[in-house]
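Here's the letter readout for the chains.
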Amino acid sequence: MLSLELAAGGDATGEFLAATVRFATPLAFAAIGECVSERAGVINIGLEGAILAGALGGTVGAGIAGPAAGFAVGAAAGVLVACVFALFTVWLRADQIITGTATNLLALGMTGTLFRSLFGAAGVGLSTPTIAAVAIPGLSALPLVGQAFFAQPVVTYALYVLVPAVAWWMARTHSGLALRAVGESPEAAIAAGVRPRMVQACAVLFAGAMAGIAGATLVLAQAGTFVEGMSAGRGFIAIAIVVLGRWRPLGVAAAAVLFGAANALQTLVQSMGWTAVPYQLILAIPYVLTLLVLAGASGRVAAPAALGRREVEQ
Amino acid sequence: MSMHAKVKSAVTALLPVLVFAGGAVLVLVMLLLLTGHSPGPALAALARGAAGSGYALSSTIVRSVPLALSGLAVALAFRAGLLNIGAEGQLLVGACAATAVGVALRATPGVIAIPVMLAAGAIAGAGWAWIAAALRKRYGVLEVISTIMLNFVAINITGWLVRGPLQEPTRINPQSASLPLSQQLPIVIPTTRIHVGAVVAVALALGLWWWLRATASGFRLRAVGANPLAAASAGKIDVSRTAMVAFLISGALAGLAGSVELTGVTYALYENFSPGYGYTAIAVALLARLNPLGVLATALLFGALEAGAGAMQRDAAVPSVVVSVVEAALILMLVAADRWQSRAGQRLATSS
C-alpha cells in the first residue's frame with residue numbers, strides 16, 4: 001500500500017494527467033452548454049456569472065443536504081442566472097454581449113453579497129463536504145491514462161455520458177436539427193415550423209444548468225469552499241473552447257482537456273519545484289493559450305451563421 | 001421654444017433618469033431586505049459616505065476619476081463599434097508601466113517625471129489594446145473574448161511584478177515601493193485628496209466630446225460604429241484603420257487611468273490595484289449613452305455609489321460588492337428601455 005502511494009506521488013506525469021482531467025471537468029461542462037447555446041445562435045458571455053452562481057448554489061446546497069443536493073442547487077442557480085440573460089436576449093432581443101456583461105456583474109454582486117450575508121465577511125469556518133474520487137475497477141488500472149481518467153469524482157464520469165449524448169442528440173434527433181436550424185437560418189427554421197425563441201430559450205437555460213454544475217464542481221470536487229469571483233474567467237475560456245472545438249461536442253470535450261492541461265501546468269511546476277518561470281506567469285498560460293487558439297482557429301472554422309443575431313421575425 | 005415646452009422637454013429628458021435611479025434604489029432595498037439588513041440605516045450610510053461631508057464628497061470625486069477615464073475609454077471604443085471589455089487590463093498595464101518608469105526616474109524632478117509616467121501608462125495601455133486590435137484585424141478574433149483574456153494576463157503580470165522586478169526594496173510585501181513625493185500628482189483643492197487627475201479627466205471628456213462632434217475623423221469613427229458596411233461603401237472610410245485608431249486611443253485612456261490612479265491616489269502598485277474599475281467603466285459608459293460628457297456625470301454617480309458603499313460596509317455591515325448588483329440593474333434597465341423604445345418605434349412605423 002505504502003509503495004503504491006509512493007509510486008503515485010512520485011509519478012509527475014500521472015499527477016499532471018490527473019490534474020488535467022480535474023481542471024478540464026468544469027471547463028467541459030460549461031463549454032458543452034455554451035456549445036448548445038451557440039448552435040442555437042446565442043453567444044452567452046454571461047456564462048461566467050452562471051458558473052459563479054453555481055459555485056455559491058453548490059456551497060449552500062451541499063452545506064444543507066450533502067454534495068448531491070449541492071450539484072442540484074448549483075444547476076438551479078445557473079439556470080436562474082440564465083433566465084435573466086434569456087429574458088433580455090431571447091425575449092427582448094437585446095444585445096447579447098452587453099446583456100452578458102451585465103449578467104456577470106449581477107452574478108458577481110449577488111454571490112458576493114449573499115455569501116457574506118450567509119457566511120460572514122471572511123467566510124471563516126466554512127467547510128463544504130466535497131466528493132471523493134471513485135476509482136473504476138479495471139479501467140483505473142490502465143497504464144498512464146487509467147488514474148487520470150478513471151479515478152476521478154463521479155461528476156467527471158457524468159461527462160463521459162453527457163458529451164456523446166449531446167453529440168448524438170445534435171446530429172441525429174429532430175429537436176437537435178431544429179436547434180442547428182435556428183442557429184444557421186432562423187427564417188428556414190420558422191418555415192419548417194420551429195419556434196426560434198422557444199429553442200433559443202431552452203438552449204440558454206441548458207447552458208445555464210451546465211455552467212451551474214461547472215461552478216458546483218469547482219467547489220464540491222476541487223476547492224472545498226466558495227471564494228468570491230472564483231470562476232476566474234472560466235466562462236470566457238469555455239467560449240474559447242467552443243471555438244477551438246469547432247462547435248462540435250466531441251471537439252469541445254477534446255479542447256477542454258487541452259485547457260485542463262494548460263491549467264495543470266501550475267501543479268506540475270509546483271511538484272517539480274521549478275522556479276525558473278515565476279508562478280504568476282504560469283497562471284497566465286491558459287489565457288494566453290486562448291488568444292493563440294482563437295487566432296489560429298480563425299478562417300478555418302465556420303461559426304453558426306446566425307450567431308449573435310438579434311432580429312428574428314416571428 | 002416656449003417656457004412650457006422647455007419645461008416639458010426637461011421633464012421628458014429627466015424622467016428616464018429618475019425612473020432608473022428609482023429602479024436602482026428599489027433593487028438595492030430588495031437585496032438588503034433579502035440579506036437581512038435594514039434598508040434605512042444602510043441607505044443613510046450610503047448617502048453619508050457619498051456626500052455627507054466635505055471628506056465624503058472628496059472621496060466621491062477621487063473615486064470617480066479612474067471611472068471617468070476608463071469610462072471614456074470604453075465609450076470611445078463602443079462608439080466605434082468595438083466591444084473593448086479590456087479597460088481593466090489596459091488600466092493595470094498602464095499602472096505597471098508608470099511604476100517601472102517611476103523607479104527609473106527616481107532622481108528626476110517631478111515636473112519631468114510625472115508627465116513621463118502618465119505618458120508611459122497611456123502608451124502601455126494602447127500597446128495592450130493593440131494586441132486585441134491586431135488579433136481582430138488579422139485573425140478576426142472577437143475583441144470581447146480577447147480583451148477579457150488580456151485582463152487576466154495583465155492581472156497575473158501585475159502579481160508577478162510586485163513580487164519580482166518591481167517589489168519594494170525590503171522584499172517583504174507584494175507591492176512596489178511608495179512613490180517619492182516628487183512623483184505624486186499635485187492636489188488641486190487644499191485639504192482634500194482631489195488631485196490633478198480630476199482636471200485631466202474633465203479636459204479629456206470635453207476634448208473627446210468636441211472631437212466626436214466637430215471633426216471629420218470623429219465623424220468617421222461614429223460612422224464606422226453605426227454601420228461599418230455603409231461607412232465603407234458610401235462613405236469611402238477605411239473601416240479597419242479607423243477601428244484600429246479607436247482601439248489604440250481607448251487603450252491609451254484606460255492606461256492613463258491606471259497611471260493617474262497610481263500617481264494620484266495609491267502611490268504604489270500592488271496586486272489588487274484595481275477593484276474592477278475597468279469593468280465598472282462599462283456600466284459608466286453605457287449609462288452615459290457613450291457620450292463623453294455624460295461619462296463625467298455617470299462616473300460621478302458611480303464614484304458616489306462606491307464611496308457610499310465603503311461607508312455602508314463600515315457602518316451598516318453591508319458588503320460593498322452589493323454595488324455591482326446596482327450597476328448591473330442599471331445596465332439591464334437601460335437595455336430594456338432601449339428595446340421597448342425601438343419596438344414602439346417599429347410598431348409606429350408599420351402602422352402608419
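These numbers were taken from a predicted model, which means no experiment stands behind them. (Residues numbered from 1 in each chain as written. Chains lettered and ligands numbered in written order. Predicted model: local features only at pLDDT ≥ 70, side-chain atom pairs only at ≥ 80, totals over all residues.)

Caption draft 1: View of the overall build of chain A. In terms of regular secondary structure, chain A is built from 14 helices and 2 strands. Compactness check: chain A gives a C-alpha radius of gyration of 20 Å against a globular reference of 20 Å for 314 residues, within 12% of the reference. In chain A, the proportion of contacts linking residues at least 24 apart, taken out of those at least 6 apart, comes to 77%. (Helix = DSSP H or I, 4+ residues; strand = E, 2+ residues; numbered from the N terminus. Rg over C-alpha atoms; globule rule 2.2 N^0.38 Å. Contact = placed C-beta atoms within 7 Å.)

Caption draft 2: Examining the packing of helix α8 (residues 216-226) of chain B against helix α10 (residues 239-266) of chain B more closely. Residues and elements named next belong to chain B. Relative orientation of the contacting elements α8 and α10 amounts to 105°, with a least axis distance of 10 Å. The orientation of α8 relative to α10 falls into the category roughly perpendicular. Contacts between α8 and α10 involve Arg220, Leu221 and Val224 from the former and Val239, Thr242, Ala243 and Ala246 from the latter. Looking at the contact of α8 with α10, its residues break down into 5 nonpolar, 1 polar and 1 charged. (Axes fitted to C-alpha atoms, helices over the stretch in contact; angles between N-to-C directions. Parallel < 35°, antiparallel > 145°, perpendicular 65-115°, else oblique. Nonpolar A, V, L, I, M, F, W, Y, C, P; charged D, E, K, R; others polar.)

Caption draft 3: Broad picture of the interface of chain A and chain B. Taken residue by residue, the interface counts 37 residues in chain A and 38 residues in chain B. Tallying contributions element by element places helix α5 (residues 96-119) of chain A first for the side of chain A that touches chain B, with 15 residues. Classifying every residue of the side of chain A that touches chain B by side-chain character gives 24 nonpolar, 10 polar and 3 charged.

Caption draft 4: Expanded view of the confidence of the model for chain B. Residue and element names in this part refer to chain B. Across chain B, the average pLDDT comes to 89, with 94% of residues at or above 70. The spread of mean pLDDT over the elements of chain B runs between helix α1 (residues 3-34), the lowest at 77, and helix α4 (residues 87-104), the highest at 97. Model confidence for the complex: the whole-complex pTM is 0.85, and ipTM, which rates the interface, is 0.86. (pLDDT = per-residue confidence, 0-100.)

Caption draft 5: Structural context of the packing of helix α2 (residues 39-51) of chain B against helix α3 (residues 54-79) of chain B. All names here are of chain B. Contact pair α2 / α3: the axes reach a minimum separation of 5 Å and the direction vectors enclose 80°. Here α2 is positioned roughly perpendicular relative to α3, judged by the angle of their axes. In this structure, α2 contributes Arg48, Gly49, Ala50 and Ala51 to the contact, and α3 contributes Ala56, Leu57 and Thr60. Here the residues of the contact of α2 with α3 are counted per class, giving 4 nonpolar, 2 polar and 1 charged.

Caption draft 6: Up close: α2 of chain B. Residue and element names in this part refer to chain B. For α2, with 13 residues, the first-to-last C-alpha span of 18 Å sits near the 18 Å given by 1.5 Å per residue. Those residues of α2 that sit buried are Ala42, Ala45, Leu46, Gly49 and Ala50. Axial view of α2: buried residues confined to an arc of 125°, hence all on one face. (Expected span 1.5 Å × (residues − 1). Buried ≥ 20, exposed ≤ 12 C-beta atoms within 10 Å, placed from the backbone. Arc of directions from axis to C-beta.)

Caption draft 7: Spotlight on the nonpolar core. Judged by nonpolar contacts, the single largest core of 228 residues is most densely connected at Leu27, Ala31, Ile241 and Ala256 of chain A together with Ala73 and Ala285 of chain B. Residue contributions to this core peak at 17 residues, all from helix α10 (residues 196-223) of chain A. Look past the residues within four positions of Ala31 of chain A in its chain and what remains in contact with it is Ala238, Ile241, Val242, Gly245, Val252 and Ala256 of chain A. (Core = buried A, V, L, I, M, F, W, Y, C linked by C-beta atoms within 7 Å.)

Caption draft 8: Here's a closer look at unusual backbone geometry. Even without being glycine, Trp247 of chain A reaches a positive phi, approximately 60°. Take Trp247 of chain A: it is sitting in the loop between α11 (234-244) and α12 (249-272). Even without glycine at this site, Arg289 of chain B takes up a positive phi of about 55°. Within the secondary structure, Arg289 of chain B sits in the loop between α11 (277-287) and α12 (292-316).

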